[in-house]
Amino acid sequence: MPNTVTSMLPHRSTSWLSTSATKGRKWFQRSGISGQLLALIIVMGIFTIGTRGKYLSLVNLQVILSLAAIPAIIAIGLHQVVVLGAIDLSVEGVVAFCVVIVGFLAHNKFNANDVGLWIIPITAGVGGGAGVINGLLNTKLKIPSFISTLGMSWVLWGLAVFVSKGQTIPLLNNPLRAVVNGYVLGIPNLAIIAFLIFAIIQLVQDRTRFGRYLYAIGGDEVLSAQAGVKVHQTKIFVFGIAGVLYGLAALFLAVKLDSAQAITGNNLLFPAVTAVAVGGVALTGGIGGAKNAALGALIVTALNDGLILLDVNPYAQQAVNGAVLVVAVALTIDRKKLGFIK
Amino acid sequence: MSAAVLELQRITKRYPGVVALDGVDFTVYENEILGLVGENGAGKSTLMKILIGLIQPDQGTYRLRGAPVVIKNPAHAANLGVGMVFQEGCLVPNLSIMENLFLCHEIGFRHFGFLSKRKMRDAAHAALGTVKVAADLDTPVSETTPAVRQMIEIARLLWLSKLYQQRNPVLILDEPTTVLTDDERNTLFSIATELKSQASIILISHRLQEIVETSDRILIMKDGKRVANIQARHAGIPEIEQMMVGHAFAADRFREDEQIPPGDQVTLTLENVSKRGVFEPLNFEVRQGEIISLVGLVGSGKEALCRCIAGLEKPDTGSIKLAGKRLTPGSPSEAVRAGIGHIPIDRRSDGLALGMTIAENVNLLVLDHLKVGGFISPQREKKNALRWIQDCRIKAPSPSTMCVNLSGGNQQKTVIAKWLSSKIHLLVLDHPTRGVDVGAKDEIYRLIRQLARTGVGMIIMCDTLEEDIGLCGRMLIMKDGQLVNEVNCPPYRKPSPSDIISSIV
Ligand SMILES: Nc1ncnc2c1ncn2[C@@H]1O[C@H](COP(=O)(O)OP(=O)(O)OP(=O)(O)O)[C@@H](O)[C@H]1O
Ligand SMILES: [Mg+2]
């Protein structure tokens, strides 16, 4: 047969795994996270040496996991939008708005409202609603996601501050407090929740038609539409899921801080975008999954935790993060797809 | 004669400034290979896009297996068993072979709500078996060759027609061979002939030889009209050409009488240029006005050599000099500034700004010459563009037509016009007549001869050996990365192809 394709991956003759492990190695190369796992090991290795082992202590590992959880949840929502080839800059506004809603509806100091556990579907729903609007603006009104989501962020942020009058609303006896701050077998509950969210989204991406369509649109929107993919529906759904996850992140943040205030939304976008890029999700779309987003969040958190342990100046830390973002994008972007850079 | 699958009547499609299709009747019968030929811009692709519902006709009726239908979109057409393999390919590049095969029709593979990889794998192997491809199903399509991609598309269409129980599907192949090697082309045609027992195939090509050899029936289009419908076994290539273009072609195909002896001055010098694993150190010169043809099989290294000369690849050793001046290796911008032009094989993606107008593309390299008092003069711009549009016979309503809206062949002519209009000393032409019609081919030969007279040296790689021999003054034969032979091709004393084939293989 003249037309046969075998594996197109580069074959290396020197292997550090036995030949019987080729299947495993192939999986490793194809998994799309080999570089990220390596990066994580390197980061952790350097800090372990730099801190003479303190970095690897149980307490510090618990800190890393619990700090990584919320950025991971946000990044898992955001990355699917990036896989579409779009971007979602509405994180901070959506979180601010949802946090303020938590302040008003959960048991608090200022009013008699107490919706109990209903607060979970409510914040998820409000976030999801904002996401769906993002999707509608992008697909039906054909506004580039860069603009529509940026606008959405400012609108919701403004509303959040306006409605809450900029106040901090302390929460009282929140039923979720124990869950959010607790541990199971030494693992922070929030990290377990983030892991479950990751597992569900990853399964959906790998094993459902929705997952196929997500990557098809990211690869080529026009061709996918020709093949019969319902492009608008899929996109709106992706923005919606992102919003739901931002809403949940907002709830967890409020419960963790035991108070609700709009500024809780601040400084969430940059770490999420960095996590998505560091995780290996190409900003050109079509490449990278939930595993990449989750791992990216873990790498970024592990890095910052190490920098703090080493007492690095916060401004220098910020500079490191900026550099990491640019380098990550440079490594993951699919240049074949870019005719020119805007 | 067997029954008709597709019957289109009086199809008309107008675009601003052009009537792309003018009352065309078009019928496809069961189990046949139908060849569709015509000049660039005759309306072949437009008609096919109507067949699959990518565009809607302004007028006309469409009957499929006897019943009138309105095809809403390509997905609808695929469900009805009508599908097209596009020149540019229509697979999603980042998805794997298997994911592409079943895209949007995965519903049958669900197992407790999730897609069953095992079921999909089995079906994918079976589907690819029908087109004789043994492939790693998880390979992303972007990493496969154009030949494999075509086969995947064909397999997808056949699989869909089985899934929806459509008898005798119709496969449209729009210029499939422009991206294939000779071996791949033979495979494609043998598969097509085999598939005839269960499908009808529409084949579009500018290589009349393959049309005559493969098809059962041939339709000829000209200016949006159907001008002839002939049985392939009665068809001769010269007659077809005449019906396509409207006039006969002289026996002197390659304008040998215009071939001139090379000048004294050396334009391009290669000294010990090599690229590891691709080609070994080479030395040769191109003189003023000389046409050198590089021949060799795929893998002989000739493509890489040309890319090195154009600065697109960096050779490992040696130097490339233009008029005695050494060029920085691997710098395309310096090559262009020094006056080296390159017409790449994939003109759609490499050579043309599709979102720009014809005039903008043609004038891109000569903007400096179109200035009046420091600013680009619109009059001059228009004049220059018009001149080259006429010279290269680009068929378009106006110079300000967007290149996306041009027919495939006319896009190619635009790239050629861009280089020809600029002031170059050396031109590398990678398959300059691929995908262009016979009339335009003749025009391109004329332009090549004209450039030679003005002293431009050329390195060409052609579609056929005959074309290479006919055009060039000297032929360099490459094999396994080495220069194995050099043959002079003076006018009227040209070697025969069989003399040369022996040193190629
Ligand atoms: N979207 C469009 N807008 C304007 N004009 C168009 C459009 N699509 C096609 N045309 C015009 O319709 C005519 C027929 O084009 P078509 O692509 O069908 O030609 P073709 O026979 O396939 O030629 P080729 O052999 O070069 O591929 C051309 O003159 C082309 O410029
Ligand atoms: Mg065409």
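Our subject is the structure listed above.
Here, residues in each chain are numbered from 1, in the same order as that chain's written sequence. All chains are assigned letters beginning at A, and all ligands numbers beginning at 1, according to the order in which they are written. Residues qualify for local features only when their pLDDT is at least 70, as the model is predicted, and side-chain atom pairs are given and counted only at 80 or more; totals for whole chains, interfaces and linings, by contrast, use all residues. No hydrogens and no water enter the side-chain calculation; it runs on all heavy atoms of the structure.

Caption draft 1: Quick peek at the overall build of chain A. Helix and strand assignments follow DSSP, with helices taken as H or I runs no shorter than four residues and strands as E runs no shorter than two, numbered in order from the N terminus. Of the regular secondary structure elements, chain A holds 14 helices and five strands. Here the term buried applies to any residue with accessible area under 20% of the maximum for its type, exposed to any over 50%, and partly exposed to those in between, with areas from a 1.4 Å probe on protein chains only. With 342 residues in all, chain A has 49% of them scored as buried. Considering only residue pairs separated by 6 or more positions, chain A has 76% of its internal contacts joining residues 24 or more positions apart. Only the protein chains shown count as cover for residues, and all accessible areas are computed by the Shrake-Rupley method using a 1.4 Å probe. When the accessible area of chain A is evaluated, it comes to approximately 16400 Å², of which 70% is carbon and sulfur surface. Should any heavy atoms of two residues lie within 4.5 Å, those residues are counted as being in contact.

Caption draft 2: Region of interest: the overall build of chain B. A tally of helices and strands in chain B yields 17 helices and 25 strands. C-alpha atoms define the radius of gyration, and 2.2 Å times the number of residues to the power 0.38 defines the globule rule. The C-alpha atoms of chain B give 24 Å as radius of gyration, which agrees with the globular expectation for 505 residues (23 Å, within 12%). Seen through its C-alpha atoms, chain B measures out along the principal axes to roughly 70 × 50 × 50 Å. Within chain B, the proportion of its 505 residues that are buried is 55%. Long-range pairs, those at least 24 residues apart, make up 67% of the contacts in chain B with a sequence separation of at least 6. Entry remark: accessible area of chain B is about 21000 Å², with carbon and sulfur atoms responsible for 51%. Counted charges follow a simple rule, with Lys and Arg positive, Asp and Glu negative, and His plus the chain ends left uncounted. Lysine's charge is taken at NZ, arginine's at CZ, aspartate's at CG and glutamate's at CD. Side-chain charges in chain B split into 59 positive and 57 negative, and the spacing between the mean points of these groups amounts to 5 Å.

Caption draft 3: Quick peek at the nonpolar core. For this analysis, a nonpolar core means a set of buried residues of the types Ala, Val, Leu, Ile, Met, Phe, Trp, Tyr and Cys, connected via side-chain atoms within 4.5 Å. Ile74(A), Ile76(A), Val95(A), Val229(A), Tyr246(A) and Leu103(B) are the most contacted members of the largest nonpolar core, which totals 90 residues. In terms of residue count, the dominant contributor to this core is helix α11 (residues 231-257) of chain A (15 residues). The contacts of Val95(A), once residues within four sequence positions are left out, are Tyr246(A), Ala250(A), Leu253(A), Gly265(A) and Leu268(A). By size, the runner-up hydrophobic cluster in this structure holds 52 residues, among which are Val85(B), Leu101(B), Phe102(B) and Ala228(B).

Caption draft 4: Local environment of the pattern of salt bridges. All names here are of chain B. Salt bridges, as used here, are contacts in which a Lys or Arg side-chain nitrogen is within 4 Å of a carboxyl oxygen on Asp or Glu. If you walk through the whole model with that rule in mind, you get 31 salt bridges over all chains. Across the pair Arg185 and Asp182 runs a salt bridge whose closest N-O atoms are separated by 3.3 Å. In this pair, Arg185 and Asp182 both sit in helix α6 (residues 182-195), three residues apart, roughly one turn of the helix. A salt bridge links Glu443 to Arg446; the nearest nitrogen and oxygen atoms lie 2.9 Å apart. Of the two residues, Glu443 and Arg446 are both situated in helix α15 (residues 438-453); the distance of three residues between them amounts to about one turn of the helix. Accessibility expressed as a relative area gives 12% for Glu443, which makes it buried. Because the salt bridges share partners, they merge into one network encompassing Asp182, Arg185, Arg207, Glu210, Arg434 and Asp463.

Caption draft 5: Representation of the sheet that holds strand β10 (residues 170-174) of chain B. Residues and elements named next belong to chain B. The pairing criterion is simple: DSSP has to find at least two bridges between the two strands. The strand order across the open sheet formed by six strands is β6-β10-β11-β3-β12-β13, and the pairing between neighbours is mixed. With one partner strand each, in any of the chains shown, β6 (82-85) and β13 (225-231) form the two edges of the open sheet. Averaged over all pairs of adjacent strands, the angle between their axes in this sheet comes to 20 degrees, without regard to strand direction. Looking at chain direction, β6 and β10 are connected through four bridges and run parallel. Counterpart to Met84 in the pairing with β10 is Ile172. Along the sheet face, helix α8 (residues 237-245) touches β3 (33-38), β12 (217-222) and β13 and points at about 30 degrees away from the line of β12. To get an axis, fit a line to the C-alpha atoms, keeping to the stretch in contact for a helix; angles then go from 0 to 180 degrees between the N-to-C directions.

Caption draft 6: Expanded view of the interface of chain B and chain A. Taken together, the contacts link 38 residues of chain B with 29 residues of chain A. Carbon and sulfur atoms make up 60% of the surface buried where chain B meets chain A, a total of about 2800 Å² over both sides. Buried area, as used here, totals the accessible surface that two parts lose on assembly, with accessibility defined by a 1.4 Å probe and the loss added over both. Contact with chain A buries area across many residues of chain B, yet Cys104(B), Phe114(B) and Leu115(B) alone supply 18% of it, more than any other trio. The tally of links between chain B and chain A comes to one salt bridge. Of the charged contacts in the structure, one is a salt bridge between Arg212(A) and Glu99(B), with a shortest N-O distance of 3.3 Å. Any pair of N or O atoms that falls within 3.5 Å is considered a polar contact. Within protein, one atom must be able to donate a hydrogen and the other to accept it, and sequence-neighbouring residues count only if both atoms are side-chain atoms. Joining chain B to chain A, the criterion identifies six residue pairs in polar contact (both at pLDDT 80 or more).

Caption draft 7: Layout of the pairing of strand β11 (residues 200-204) of chain B. Residues and elements named next belong to chain B. Of all five residues that make up β11, five are buried, and the element is covered over most of its length. Because side chains alternate across β11, one face comprises the buried residues Ser200, Ile202 and Ile204, and the other comprises Ile201 and Leu203, equally buried. Inspection of the sheet shows β3 paired to β11 by four bridges, in the parallel sense. Paired with Leu36 across the strands is Ile204, a residue of β11. Across five bridges, β10 lies against β11 in parallel orientation. Within β11, the position partnered with Val170 by the bridge is Ser200. A clockwise course of the path from the first strand over the helix to the second, judged with the strands pointing away from the viewer, identifies a crossover as right-handed. Once the chain exits β10 it traverses α6 before rejoining the sheet at β11, and the crossover so formed is right-handed.

Caption draft 8: View of the side chain of Gln412(B). Relative to the assigned elements, Gln412(B) resides in helix α14 (residues 408-421). At 3.3 Å, the side chain of Gln412(B) and the backbone oxygen of Arg434(B) are in polar contact.

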